[in-house]
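The primary structure of each chain is shown beneath.
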Amino acid sequence: MLEVASLGSGSTGNATLVRSAKTTVLIDCGFTLKETLKRMASLGVAPSDLSAVLISHEHGDHVKGIGPLSRKFGVPIYLTHGTFRRLKDDRLLSYELFHAHAPFTLGDLEIDPFPTPHDAAESCQFVVRKDKVSFVVATDMGVCPPFVLSKLAGVNGMLIECNYDDDMLRNGPYPPSLQHRIRGNFGHLGNLQAGPVVRAVDHPALECILLGHLSEKNNTEQCALDAVLASVSTNPERVEVLKPHTASRWYAITGKAVAGDAEATV
Ligand SMILES: [Zn+2]
Ligand SMILES: [Zn+2]
């Protein structure tokens, strides 16, 4: 079994805890150290519980707390060479460079990184596996190409990006150049793109679909939820929207078929 909790997800900060009974990793740390520690504590996790912090890319909403977390607690930071090169705060006490196509293990977790199309030096995301149970983070991608889709196929839980609502972005406060960047192939997934991605990889043992990285200016929880629910044919209770400024609850991911689907196949 895996357990997953978000410390917060949105354009202003992202951090996700994934743990087995023995190993806990934090994916990204886009909040100040103080805020990170407060939100981790609310979930019963201390810095000494972390085996590692995995970094997806160098944007501030993913790395804000990395330097202080590393220097104060010595937690090993795992990142690609390109991400390390672009880090503004690169004074890390302990770090490991990984290749975005090469899986590695941390305790009893298998980490399967994969490159993502995003306007960062060497961005990637992660599938985390414990035995046959898997969870993927799929945010900060302009599009979801077949290679990325193949990484999402068969997972039991996912955090999928719903950055913007099309109309809100068009009519919102962002200048055309920034809108273009967000919509571009190296920007972010919008609500209308996330739905088909979920539909393409949905299966009876996909238990948990967390919608994240919502823009506070160009999206609402309801817009994101409506868009993805339109693409989910069974068990809508699997879908939840993560909050930007508060931690979520823990989500248990067991790898078993969700109840409604199991009954439907009897
Ligand atoms: Zn981001
Ligand atoms: Zn980014």
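Predicted model, so just to flag it, every value in this text is computed and none were measured. (Residues numbered from 1 in each chain as written. Chains lettered and ligands numbered in written order. Predicted model: local features only at pLDDT ≥ 70, side-chain atom pairs only at ≥ 80, totals over all residues. Heavy atoms only, no water.)

### Section: the coordination of the zinc ion (ligand 1)
Quick reminder of the rule: Note: metal donors comprise N, O and S atoms at 2.8 Å or less from the metal (3.2 Å for Na, K and Ca); water molecules are not included, so apparent gaps in a site are possible. Only four donors with every angle between 85 and 135 degrees are called tetrahedral; only four or six donors with opposite donors over 155 degrees apart and all others between 65 and 115 are called square planar or octahedral, in that order; all others are irregular. Each helix corresponds to a stretch of at least 4 residues labelled H or I by DSSP, and each strand to a stretch of at least 2 residues labelled E; elements are numbered beginning at the N terminus. Exposure classes here rest on a 1.4 Å probe applied to the protein chains alone. A residue is buried below 20% of its type maximum, exposed above 50%, and partly exposed in between.
Distances from the zinc ion (ligand 1) to its protein donors, Asp-61 (OD), His-62 (NE2), Asp-140 (OD) and His-213 (NE2), fall within 2.1 to 2.2 Å. Of note is the zinc ion (ligand 1), whose four donor atoms meet at the metal with angles of 89 to 167° in an arrangement that counts as irregular. Between the zinc ion (ligand 1) and the zinc ion (ligand 2), a spacing of 3.4 Å is present, and a bridge between the two is formed by Asp-140. Of this pair, Asp-61 sits in helix 2 (residues 60–63) while His-213 sits in the loop between strand 12 (208–212) and helix 9 (221–229), and the two are 152 residues apart along the sequence. We note that Asp-61, like His-213, is buried.

### Examining the coordination of the zinc ion (ligand 2)
Taken together, His-57 (NE2), His-59 (ND1), His-118 (NE2) and Asp-140 (OD) make up the full set of protein donors to the zinc ion (ligand 2), lying 2.1 to 2.6 Å away. Considering all four donor atoms around the zinc ion (ligand 2), the spread of angles at the metal, 90 to 172°, places the coordination shape in the irregular class. In this structure His-57 comes out as buried when scored by relative accessible area, which is 0%.

### What to know about the side chain of Asp-28
For clarity, the threshold we go by: Only four residue types enter the tally: Lys and Arg on the positive side, Asp and Glu on the negative side; His and the chain ends are excluded. Whenever Lys or Arg places a side-chain nitrogen within 4 Å of a carboxyl oxygen from Asp or Glu, that contact is recorded as a salt bridge. Definition of a polar contact: a pair of N or O atoms within 3.5 Å, with one able to donate and the other able to accept a hydrogen when the atoms are protein atoms, and with sequence-neighbouring residues admitted only if both atoms are side-chain atoms. What makes two residues a contact is simply this: any of their non-hydrogen atoms within 4.5 Å.
Among the secondary structure elements, Asp-28 is positioned in the loop between strand 3 (24–27) and helix 1 (33–42). Within the buried set, Asp-28 has no salt-bridge partner at all; the shortest N-O distance to an opposite charge, 13 Å, is to Arg-181. Side-chain polar atoms of Asp-28 contact the backbone nitrogen of Ser-56, separated by 2.7 Å. In this structure, Asp-28 is in contact with Asn-14, Ala-15, Thr-16, Val-53, Leu-54, Ile-55, Ser-56, His-57 and His-62, ignoring residues within four places of it in sequence.

### Section: the packing of aromatic side chains
Under the convention used in this document: Each Phe, Tyr or Trp ring, with Trp reduced to its six-membered ring, pairs with another whose centre is within 6.5 Å; inter-plane angles below 30 degrees give stacked pairs, above 60 give edge-to-face pairs, and intermediate values give tilted ones. We count a charge as sitting over a ring when the NZ of a lysine or the CZ of an arginine lies within 6 Å of the ring centre and within 35 degrees of the ring normal.
What the rule picks out here adds up to four aromatic pairs. Taking 4.4 Å as the distance between ring centres and 20° as the angle between the ring planes, the aromatic pair formed by Phe-84 and Tyr-95 counts as stacked. Placement of the pair is Phe-84 in helix 4 (residues 81–86) and Tyr-95 in strand 6 (residues 95–97), with a sequence separation of 11 residues. Classification of Tyr-95 as partly exposed rests on a relative accessible area of 36%. Relative to Phe-126, the ring of Phe-98 has its centre 5.7 Å away and its plane inclined at 65°; by these criteria the two rings are edge-to-face. Within this pair, whereas Phe-98 is found in the loop between strand 6 and strand 7 (104–106), its partner Phe-126 is found in strand 9 (residues 124–130), the two being separated by 28 residues in sequence. With respect to burial, Phe-98 and Phe-126 carry one shared label: buried. Linked through ring pairs, Tyr-78, Phe-98, Phe-104 and Phe-126 together constitute an aromatic cluster. Between the NZ or CZ atom of Arg-39 and the centre of the ring of Phe-31, over which it lies, the distance is 4.3 Å.

This is a description of form; function is not addressed.
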